[in-house]
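# Architecture at a glance
This is what each chain is made of:
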Amino acid sequence: MKYTAPRGTKDILPEEVHLWQFVENTCREVFAFYNYKEIRTPIFESTDIFSRSIGVGTDIVNKEMYTFLDRKGRSLTLRPEETAAVVRAGLENNLISPEVITKLYYLGPMFRYERPQAGRQRQFHQAGVEVFGVDDPLVDAEIIEMNLVLFEKIGIKGLEININSVGCKACKPNYSEAIVNYFSDKIKDMCVDCKERLVVNPMRILDCKDAHCQKHIEHAPTSVDHLCGECKIHFDLVQDWLKRLNVKYSINNRLVRGLDYYTRTVFEVVSKQLGAQNAICGGGRYNNLVEEFGGKPTPAIGFAVGLERIIDIVHKLQVIGCKPQAVSLFIATLGHEAQKKGVELASQLRRAGLSVDLDYQGKALKSQMKAADRMKAKYVYIIGDDEIAKGSAMLKNMSNGQQQAIKFEDLSKTLCEKY
Ligand code: HAM
């Protein structure tokens, strides 16, 4: 019997983990530049949290949630995204109110039962931010700009930013009605899912990937043509700020996003380096969600980036900035006394902040040197009986082969100076 990872999941192996650490650290660093604080929420939540916010009739809720009953019969769901969970946690812990601005970020695994393909997994990772308590278009523009700063820091160029506005409580229904009117004579010709969407959640028709449906969707009414006065002003101001912040963007009238909670600004960042699954970031404003979750009406906006897709680009572009973990020193020892000395020195050096490895099994010098090579040790310190007697041993620089005699008591100082 050979076990394999569940379909749509991947092991992140030691040889690639440095790419993950680099991207995760850069996310944390950039989010902190903009004064966001980290929040960690549970991997699973009550199913309602997601079904009510993401919306009945969306693909995520209809087809993609990992939902199960616990032993007491409660319906729980592995988080397919984190926005709703952050709203829940923010309200439960009194972090969110209309009077204060709260800026939060998160990193972690999400779960969606999708058809796996390049760039699309069932367990994937996101880093995201959410801002509560401010409706100013400046914030919409700033978080889009923060995305760019993040990608710049990571070393990814050639991205496209698409924005749109889906309107608010007041004007969204007009748009929905326009969609229903437009599709009513075309729907007989469209897929089964779209037929259902027209009744349950008409705007979701615009998400349909079916080539035949796409032909009709192409000419469907646009949301920007149905915005109320306030939403229109908001959208114009977002664009003014984006220009002032030197952010190049395109308006994409088809961008409605696959989650129902959005109001006004929505956006996506896409990369030409990727195949069909080319969105590396998605986000938008969701001014009604806090109230729908029982809080006081509080405007909010956020985005999430897909870490697998970013790492794929980082890998393809061989972004410098991220180097595999390397060991500073390997201590090769010959004989029991030498090993005891080696262990003592390793302990001292690790306490001094150096990464050190050594032989545990009394192997021959040749195989210890091979091991040092494999782990890309920068230096090797070779201790045998003679060296124990002298209180000194050779420190070999593995990149140029140079050797230097260093006393045991000077090793830590010498290496610390080199690093
Ligand atoms: P989303 O567009 O569903 O938005 O996901 C954000 C990003 O997560 C996508 O652009 C993509 O890079 C990545 N992603 C999504 N699904 C998968 C998958 N199956 N495999 C690999 N990567 C994936 C949200 O989740 C919203 N919560 C974003 C947000 C935050 N809106 C407001 N605040």
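Relevant structure appears above.
Described in the following lines is the structure provided in the data block. Quick caveat, the model's predicted, so the values are computed rather than measured.

## Some details on the overall build of the protein
In terms of regular secondary structure, the protein is built from 15 helices and 16 strands. A globule of 419 residues ought to have a C-alpha radius of gyration of about 22 Å, yet the protein, at 28 Å, is considerably larger. In terms of overall dimensions, the protein has a C-alpha envelope of 90 × 55 × 45 Å along the principal axes. For the protein, long-range pairs separated by at least 24 residues make up 69% of all intrachain contacts whose partners lie at least 6 apart in sequence. Of the roughly 21400 Å² that the protein leaves accessible, carbon and sulfur atoms contribute 51%. Taking the 57 positively charged and 53 negatively charged side chains of the protein as two groups, their mean positions are separated by 4 Å.

## With respect to a nonpolar patch on the surface
A contiguous nonpolar patch, built from Leu 138, Ile 233, Leu 237 and Trp 241 and spanning about 330 Å² of accessible area, is present on the exposed surface. Looking at the nonpolar patch, the element that brings in the most residues is helix α9 (residues 229-244), giving three residues.

## Examining the packing of helix α5 (residues 137-154) against α9
Following both chains from N to C, one finds α5 and α9 inclined at 45 degrees, their axes separated by 8 Å at the closest point. On the basis of their axis angle, the class for α5 and α9 is oblique. Considering the relative orientation of α5 and α9, their crossing is right-handed. Only His 234, Leu 237, Val 238, Trp 241 and Leu 242 of α9 make contact with α5, whose side of the interface consists of Pro 137, Leu 138, Asp 140, Ala 141 and Ile 144. The class makeup of the residues in the contact of α5 with α9 is eight nonpolar, one polar and one charged.

## Topic: the nonpolar core
Formed by 50 residues in total, the largest nonpolar core has its most connected members in Phe 31, Phe 151, Leu 307 and Ile 310. When sequence neighbours within four positions are dropped, the list of residues in contact with Ile 310 reads Val 23, Phe 151, Ile 154, Ile 156, Ile 280 and Val 305.

## Re the sheet that holds strand β11 (residues 300-306)
Within a sheet, neighbouring strands are paired by backbone hydrogen bonds and run either parallel or antiparallel to one another. Ordered by their spatial adjacency, eight strands build an open sheet running β1-β5-β6-β11-β10-β9-β7-β8, and the pairing between neighbours is mixed. The sheet terminates laterally at β1 (37-38) and β8 (250-251), the two strands that pair on one side only. Sheet topology places strand β5 (residues 102-111) next to strand β6 (residues 123-132); 10 bridges connect them, and they run antiparallel. Residue Gly 108 lies in a different strand from β6, and its bridge partner there is Gln 126. Of the strands in this sheet, β5 and β6 touch helix α4 (residues 83-92), which is tilted by about 50 degrees from β6. Packing against the sheet, α9 makes contact with β7 (159-165), β8, β9 (265-271) and β10 (279-285), and its axis sits at approximately 155 degrees to β7.

## A look at unusual backbone geometry
Positive phi outside glycine occurs at Asn 35, with the angle close to 65 degrees. When you line up the elements, Asn 35 lands in the loop between α1 (17-33) and β1. Of note, Arg 257 is a non-glycine position whose phi angle comes to about 70 degrees, a positive value. With respect to the helices and strands, Arg 257 occurs in the loop between β8 and β9.

## Considerations on α5
In this model, α5 (18 residues) spans 26 Å end to end at C-alpha, consistent with the 26 Å of a helix rising 1.5 Å per residue. Among the residues making up α5, those that are buried are Pro 137, Val 139, Asp 140, Ala 141, Ile 143, Ile 144, Glu 145, Met 146, Asn 147, Leu 150, Phe 151 and Ile 154. For α5, the side-chain oxygen to backbone nitrogen distance between the N-cap and Leu 138 is 2.9 Å, and the N-cap itself is Asp 136. Backbone geometry just downstream of α5 places Gly 155 in the positive-phi region, at approximately 105 degrees.

Calculation notes
- Residues numbered from 1 in each chain as written.
- Predicted model: local features only at pLDDT ≥ 70, side-chain atom pairs only at ≥ 80, totals over all residues.
- Heavy atoms only, no water.
- Helix = DSSP H or I, 4+ residues; strand = E, 2+ residues; numbered from the N terminus.
- Rg over C-alpha atoms; globule rule 2.2 N^0.38 Å.
- Contact = heavy atoms within 4.5 Å.
- Areas by Shrake-Rupley, 256 points an atom, 1.4 Å probe, with all protein chains shown as cover.
- Lys, Arg positive; Asp, Glu negative; His and termini not counted.
- Charge placed at Lys NZ, Arg CZ, Asp CG, Glu CD.
- Patch = residues over 30% accessible without salt bridge, like charges linked within 9 Å, V, L, I, M, F, W, Y side chains within 5 Å.
- Salt bridge = Lys/Arg side-chain N within 4 Å of Asp/Glu carboxyl O.
- Axes fitted to C-alpha atoms, helices over the stretch in contact; angles between N-to-C directions.
- Parallel < 35°, antiparallel > 145°, perpendicular 65-115°, else oblique.
- Left-handed = near helix turned anticlockwise from the far one by under 90°.
- Nonpolar A, V, L, I, M, F, W, Y, C, P; charged D, E, K, R; others polar.
- Core = buried A, V, L, I, M, F, W, Y, C linked by side-chain atoms within 4.5 Å.
- Buried < 20%, exposed > 50% of the residue type's maximum accessible area, 1.4 Å probe, protein only.
- Pairing = 2+ DSSP bridges.
- Expected span 1.5 Å × (residues − 1).
- Polar contact = N/O pair within 3.5 Å; in protein donor to acceptor, adjacent residues only side chain to side chain.

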